[in-house]
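The residues making up each chain are set out below.
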Amino acid sequence: MEWFESWFDTPYYHILYSNRDYTEAENFITQLTSELKLPKSSEIIDLACGKGRHSVFLNKLGYKVLGLDLSRQSIEHNKKFENENLQFKVHDMRDIVDHEPVDAVFNLFTSFGYFDSEDDDRRVFESVSDVLKPGGFFVLDYLNENFVRKIIVSDAKVQRDEIEFNISKKIENQHIVKDIKFTADGRDFNFFEKVKLHTPESIQKYAEDNGFERIKIWGDYQLNDFERENSPRCINLFRKK
Ligand SMILES: C[S@@+](CC[C@H](N)C(=O)[O-])C[C@H]1O[C@@H](n2cnc3c(N)ncnc32)[C@H](O)[C@@H]1O
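**Q** Honestly, the packing of helix α6 (residues 118-131) against helix α8 (residues 200-209) in this entry has me stumped. Any pointers?
**A** Relative orientation and spacing of two packed helices are given, respectively, by the angle between their axes and the distance between those axes. Orientation of α6 relative to α8, taken along the N-to-C sense of each, is 60 degrees, at an axis distance of 9 Å. Relative to α8, α6 is oriented oblique. The two elements α6 and α8 meet at a crossing, and its hand is right-handed. Here Glu118, Asp121, Arg122 and Phe125 of α6 come into contact with α8, specifically with Ile203, Tyr206 and Ala207. Classifying every residue of the contact of α6 with α8 gives four nonpolar, no polar and three charged.

Written out as structure tokens, the structure is:
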């Protein structure tokens, strides 16, 4: 099993990141949808939706939303939010989405860069392109590799509920690798996260090869312009030609 199939599906992943900022996520979505001038009749896929924080809010704003994620636990959790215009399904982003073309696909909060093989990376862009209408938007909200290299802190302890997570980070072969050790429910666990340090150029290449043009890069969730050295995020806006 790959690390991203097991770790994201455990309750401990959700405990470690339980301080996720919903207000920031909602403000980001509000700004993003108004920037894209997406009419309320639009249909949006939240690709790698996790526990649905963006999907649920997009639906509250009036959009029709399909949230997709590989984690069965997360999709199971999200089923309680479903309505006529909000559906969730287990789906691997490397596979073609069995759905009529939509107006936008969002991949948010570094939900890319997990695969060892470049072919798998390419498959993500292919499947997004396949499920978008011509002129449709693809928002890929990714880390800024330069910024990650600059601010990396090697060791940290994080206390959440009763669990102390011991986290060490390093950069290895163009990846940021986070090693996560903790004891919970009477057992010792050791998981890791490994995300490829794609550059804005390598991302653009995948996009162009799959019929997209990049029309904007923002550098943070307030949608300030991207600065290679200082921006915490690399939020790519692509349009399918
Ligand atoms: C960093 S989390 C972000 C979740 C969500 N977008 C958010 O902002 O809360 C990454 C998500 O990607 C999902 N994921 C990992 N590999 C995947 C794959 N191959 N296909 C679909 N989803 C995947 C994980 O299960 C996890 O929910």
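Following the structure, the description resumes.
**Q** Looking at this structure, I do not really get the nonpolar core. What am I missing?
**A** Generally speaking, a soluble globular protein has its nonpolar side chains buried in company with each other. Formed by 48 residues in total, the largest nonpolar core has its most connected members in Trp7, Phe125, Phe165 and Phe182. Broken down by element, the residue count for this core peaks at five residues, all from strand β5 (residues 132-143). Residue contributions to this core reach at least three from each of two domains, namely domain 1 (3-144 + 200-240) and domain 2 (148-193). Apart from residues no more than four positions distant in its own chain, Phe125 is found in contact with Phe112, Phe138, Leu140, Ile203, Tyr206, Ala207, Asn210, Phe212 and Phe238.

**Q** Got a minute to help me understand the sheet that holds strand β9 (residues 187-196) in this structure?
**A** Hydrogen bonds along the backbone pair up the strands of a sheet, which may run parallel or antiparallel. If you walk across this open sheet you meet the four strands as β6-β7-β8-β9, and the pairing is antiparallel. If you trace the sheet from one side to the other, it starts and ends with β6 (155-160) and β9, each paired once. For this sheet the average axis-to-axis angle between neighbouring strands, irrespective of direction, equals 20 degrees.

**Q** Help me out: how do you make sense of the domain arrangement of the protein chain in this one?
**A** Buried accessible area, meaning the area lost when the parts come together, often serves as the stated size of an interface. When the domains of the protein chain are assigned, the result is domain 1 (3-144 + 200-240) and domain 2 (148-193). Once you take the C-alpha centre of each, domain 1 and domain 2 turn out to be 24 Å apart. On the domain 2 side, the residues contacting the 14 residues of domain 1 number 18 residues. Ranking the residues of domain 1 by area buried against domain 2 places Trp7, Tyr12 and Leu16 at the top, with a combined share of 43%. Applying the counting criterion to the domain 1 and domain 2 interface returns zero salt bridges. Seen at the junction of domain 1 and domain 2, the total is eight residue pairs in polar contact (both at pLDDT 80 or more). Elements represented by at least two residues in the side of domain 1 that touches domain 2 include exactly α1 (3-6) and α2 (11-16).

Each value, and the rule that gives it
Residues numbered from 1 in each chain as written. Predicted model: local features only at pLDDT ≥ 70, side-chain atom pairs only at ≥ 80, totals over all residues. Heavy atoms only, no water. Axes fitted to C-alpha atoms, helices over the stretch in contact; angles between N-to-C directions. Helix = DSSP H or I, 4+ residues; strand = E, 2+ residues; numbered from the N terminus. Parallel < 35°, antiparallel > 145°, perpendicular 65-115°, else oblique. Left-handed = near helix turned anticlockwise from the far one by under 90°. Contact = heavy atoms within 4.5 Å. Nonpolar A, V, L, I, M, F, W, Y, C, P; charged D, E, K, R; others polar. Core = buried A, V, L, I, M, F, W, Y, C linked by side-chain atoms within 4.5 Å. Buried < 20%, exposed > 50% of the residue type's maximum accessible area, 1.4 Å probe, protein only. Domains from an automatic or database assignment. Pairing = 2+ DSSP bridges. Buried area = accessible area lost by both parts, 1.4 Å probe. Salt bridge = Lys/Arg side-chain N within 4 Å of Asp/Glu carboxyl O. Polar contact = N/O pair within 3.5 Å; in protein donor to acceptor, adjacent residues only side chain to side chain.

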